[in-house]
Amino acid sequence: MSTPSQSPLARKRRARRGYRLLHERYPYAHCELDFETPLQLLVATILSAQTTDVGVNKVTPTLFARYPTAADLAAAQPAEMEEILRPTGFYRAKTRSVIGLGQALVADHDGEVPGTLAELVRLPGVGRKTANVVLGNAFGVPGITVDTHFGRVARRLGWTEETDPVEVEREVGELFERRDWTMLSHVLIFHGRRTCHARRPACGACPVAAICPSYGDGETDPDKAARLLKFELAPTAGS
Ligand code: SF4
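Basis of the calculations
- Residues numbered from 1 in each chain as written.
- Predicted model: local features only at pLDDT ≥ 70, side-chain atom pairs only at ≥ 80, totals over all residues.
- UniProt positions renumbered as here; feature names shortened; annotations may be inferred.
- Helix = DSSP H or I, 4+ residues; strand = E, 2+ residues; numbered from the N terminus.
- Rg over C-alpha atoms; globule rule 2.2 N^0.38 Å.
- Near = placed C-beta within 6 Å.
- Nonpolar A, V, L, I, M, F, W, Y, C, P; charged D, E, K, R; others polar.
- Buried ≥ 20, exposed ≤ 12 C-beta atoms within 10 Å, placed from the backbone.
- Contact = placed C-beta atoms within 7 Å.
- Axes fitted to C-alpha atoms, helices over the stretch in contact; angles between N-to-C directions.
- Parallel < 35°, antiparallel > 145°, perpendicular 65-115°, else oblique.
- Left-handed = near helix turned anticlockwise from the far one by under 90°.
- Domains from an automatic or database assignment.
- Expected span 1.5 Å × (residues − 1).
- Arc of directions from axis to C-beta.

Going by the annotation in an unreviewed UniProt entry, the name recorded for the chain is Endonuclease III, with Marihabitans asiaticum given as the source organism. Quoted verbatim from the Sequence similarities (unreviewed entry) heading of the UniProt record, the comment on the chain is "Belongs to the Nth/MutY family." Quoted straight from UniProt, the Catalytic activity (unreviewed entry) entry for the chain says "2'-deoxyribonucleotide-(2'-deoxyribose 5'-phosphate)-2'-deoxyribonucleotide-DNA = a 3'-end 2'-deoxyribonucleotide-(2,3-dehydro-2,3-deoxyribose 5'-phosphate)-DNA + a 5'-end 5'-phospho-2'-deoxyribonucleoside-DNA + H(+)".

Now the structure itself:
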């Protein structure tokens, strides 16, 4: 589905202008999960279901120190891992997922994380969103990560009307250069977390207000809108 009143070229131009403006607001946008290896990012992304990245970052140092390799995850005692993962919620299911992931990596990939979408989505507990996070941030393969923020902001901006994440990924992907996909994902997720909130978007303090078809869905008074901004995470050093 596309917005019928606009030519494909006009849609593309407007989308790219919106991305430029958002990128200027969040030039430091990045994956907010802490990781050093593809395995750590894969595990952290699985743990981020139903909780915040900040919450995940609090438990992963202990988890990764205790279980540094896929083989260590595969051989973990569930009760011990559950204690570490408890603060992230759904810790029993997450423990099962992480141990199952370790076992599959050991059985099918010599304990290494594969670097293709097809192989990643065959791993237990790994969907397209998780796979794209890992590809984009650990392997440098451009990927669009459609989480709840990305989908909502893309629809509000008129980039798509789709609600199915795979369709959102396809439609939005057609509007941008492949090389921009990963940063586009970070920028849209940052915007959704900080400004274009689900319930009360801060339209009066939004850098794309002038070109957003949904302007007015949220607070338009500049002072009140500024108070809605959630810059809960400081930019990283040097950004
Ligand atoms: S103008 Fe409002 S709805 Fe549009 S992107 Fe900005 S905050 Fe979101």
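S.K.: I'd love a proper account of the overall build of the chain, names of residues and values included.
M.R.: When you go through the chain residue by residue, the secondary structure sums to 12 helices and 0 strands. Listed N to C, the secondary structure of the chain is α-α-α-α-α-α-α-α-α-α-α-α in terms of helices and strands. Its C-alpha atoms give the chain a radius of gyration of 19 Å, within 12% of the compact-globule value 18 Å for 239 residues. Dimensions of the chain, computed from the C-alpha atoms along their principal axes, are close to 55 × 35 × 30 Å.

S.K.: Provide a residue-level description of the UniProt feature "domain: HhH-GPD" (unreviewed entry) in the chain, including the pertinent values.
M.R.: Following the UniProt record, one finds the feature "domain: HhH-GPD" (unreviewed entry) at residues 47-194. Annotation note: span residues 47-194, helix share 65%, strand share 0%, distance between end C-alpha atoms 21 Å.

S.K.: Break down the site of the ligand for me, citing the residues and quoting the values.
M.R.: Surrounding the ligand, one finds 15 residues, the nearest of these being C196, P201, C203, C206 and C212. Taken together, the residues that form the shell around the ligand break down as 10 nonpolar, 3 polar and 2 charged.

S.K.: With reference to specific residues and values, describe the UniProt feature "binding site: [4Fe-4S] cluster" (unreviewed entry) in the chain.
M.R.: Under the feature "binding site: [4Fe-4S] cluster" (unreviewed entry), the UniProt entry names C196, C203, C206 and C212. For the residues just named, distributed over 17 residues, the greatest C-alpha separation is only 11.1 Å, placing them together at one site. By the element assignment, C196 lies in the loop between α11 (181-194) and α12 (222-228). Looking at C196, the number of C-beta atoms within 10 Å reads 25, which means it is buried. Residues in contact with C196, not counting those within four places in the same chain, are V153, R156, H191, P201 and C206. If you trace the backbone, C212 turns up in the loop between α11 and α12. Those residues in contact with C212 that lie beyond four places of it in its chain are R156, L157 and C206.

S.K.: So what's going on with the packing of helix α2 (residues 38-47) against helix α6 (residues 91-109)? Residues and values would help.
M.R.: Close contact between α2 and α6 brings their axes to 10 Å; oriented N to C, the two are set at 155°. By the angle between their directions, the pair α2 and α6 is classed as roughly antiparallel. Two packed elements cross with a definite hand, and for α2 against α6 that hand is right-handed. Here α2 contributes V43, I46 and L47 to the contact with α6, which in turn contributes K94, S97, V98 and L101.

S.K.: Any chance you could break down the domain arrangement of the chain for me, citing the residues and the numbers?
M.R.: Partitioning the chain into structural domains gives domain 1 (8-29 + 144-228) and domain 2 (38-138). On the side of domain 2, 6 residues touch domain 1, which itself brings 8 residues to the contact. The set of elements that each furnish at least two residues to the side of domain 1 that touches domain 2 consists of α10 (165-175) and α11.

S.K.: Explain the environment of C203 residue by residue, including any values.
M.R.: For C203, the position within the fold is in the loop between α11 and α12. For C203, a count of 23 C-beta atoms within 10 Å puts it in the buried group. Between the C-alpha atom of C203 and that of D217, which follows or precedes it by 14 residues, the distance is 7.4 Å. If sequence neighbours within four positions are ignored, C203 has contacts with A209, Y215, G216, D217, G218, E219, T220 and A225.

S.K.: How would you sum up α6? Please name residues and give values.
M.R.: In this model α6 runs 26 Å from its N-terminal to its C-terminal C-alpha over 19 residues, within 8% of the 27 Å that 1.5 Å per residue would give. Three or more residues of α6 are buried, namely K94, T95, S97, V98, L101, G102 and L105. For α6, the arc enclosing every buried residue in end-on projection is 165°, short of the 170-degree limit, so these residues lie on one face. Contact partners of the buried residues in α6: α2, α4 (70-74) and α5 (78-85). Directly beyond the C-terminal end of α6, a positive phi value near 55° is found at D110.

S.K.: Before we move on, can you summarise unusual backbone geometry with the specific residues and values?
M.R.: Backbone geometry places Q50, a non-glycine residue, at a positive phi of 65°. Mapped onto the secondary structure, Q50 falls in the loop between α2 and α3 (53-66). At D110, a position not held by glycine, the phi torsion is positive, near 55°. Within the secondary structure, D110 sits in the loop between α6 and α7 (117-120). With 10 C-beta atoms counted inside 10 Å, the residue D110 sits in the exposed group.

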